[in-house]
Amino acid sequence: MPRRIIKRYLPDHNEIKKHRYLQCFGRLLHDPLLWHLNRRSVPGAMSVGLFCAFIPVPFQMLIAAGLAIFLRVNLPLSVALVWITNPLTMPPIFYFAYKFGAWLLDAPVTAVTFELSWEWLEEELTVIWQPFLLGCFVLGTLAAALGNVVVRIMWHIHIVRYIKIKRAQRLERKRQTQLTQNPPE
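As the structure is a prediction and not an experimental result, all values here were calculated from the model.

Peer 1: Could you clarify how one ought to interpret the environment of histidine 156 in this entry?
Peer 2: Mapped onto the fold, histidine 156 is located in helix H7 (residues 118-181). Taking relative accessible area as the criterion, histidine 156 reaches 53% and is therefore assigned exposed.

Next comes the structure, spelled out in structure tokens:
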């Protein structure tokens, strides 16, 4: 995985350390492993971010940050991946999670009309909470595992290509050196 591409889109770690919502982590933010992009930290960050994206709570970023610090994976990438479930994508993703959970539990899918009120939470959520949370947990786990594997494969492919290119360059330099030392007659 090219580090330059990832680094281009990630914020500066000094800015993140100063962020007011992350101040609760204090000195833990100074661990250098949280800011490195390597074969271990990027797939781990992918897993943390994708899993936390499926947690149906409003403070997913703090959970992702806490898990990234605890697991010592790339913090900015973990927190950024949580935004896969943003206000535009959250309704279809969570509705799919509910339907998937209902399918896993072999429960009927009830028609749910959303209304932002305490009464709706008390009435509707008590009916759908089991399939909804199961769907969120299973899909979050699957997304985390799949994201981890895909990043590891992409990283491996990148390293293999890099080694092949370097090997070809080294052989070409060696051939050029031999030609200059022993010109053909």
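Peer 1: Any chance you could explain the packing of aromatic side chains here in plain terms?
Peer 2: Each aromatic ring pair is summarised here by two numbers: the centre-to-centre distance and the angle between the ring planes. Throughout the structure, instances matching the rule amount to 5 aromatic pairs. Measuring from centroid to centroid gives 5.6 Å for phenylalanine 94 and phenylalanine 132, while their planes differ by 90 degrees, and the two rings are edge-to-face. With a gap of 38 residues between them, phenylalanine 94 in helix H6 (residues 90-105) and phenylalanine 132 in helix H7 connect regions that are remote in the sequence. Phenylalanine 132 carries the same exposure label as phenylalanine 94, and that label is buried. Judged by centre distance (6.2 Å) and plane angle (20 degrees), the rings of phenylalanine 96 and phenylalanine 100 are stacked. Note that phenylalanine 96 and phenylalanine 100 are positioned in helix H6 at a spacing of 4 residues, about one turn of the helix.

Peer 1: What am I meant to see in the nonpolar core here?
Peer 2: The nonpolar side chains of soluble globular proteins are, as a tendency, buried together. Judged by nonpolar contacts, the single largest core of 34 residues is most densely connected at Val42, Cys52 and Leu75. For this core, the secondary-structure elements that each account for two or more residues are helix H3 (41-53), helix H4 (60-71), helix H5 (75-81), H6 and H7. When sequence neighbours within four positions are dropped, the list of residues in contact with cysteine 52 reads Gln60, Ile63, Ala64, Leu67 and Val82.

Thresholds applied
- Residues numbered from 1 in each chain as written.
- Predicted model: local features only at pLDDT ≥ 70, side-chain atom pairs only at ≥ 80, totals over all residues.
- Heavy atoms only, no water.
- Helix = DSSP H or I, 4+ residues; strand = E, 2+ residues; numbered from the N terminus.
- Buried < 20%, exposed > 50% of the residue type's maximum accessible area, 1.4 Å probe, protein only.
- Phe/Tyr/Trp six-rings, centres within 6.5 Å; stacked < 30°, edge-to-face > 60°.
- Core = buried A, V, L, I, M, F, W, Y, C linked by side-chain atoms within 4.5 Å.
- Contact = heavy atoms within 4.5 Å.

Don't take any of this as a statement about function, it's just geometry.
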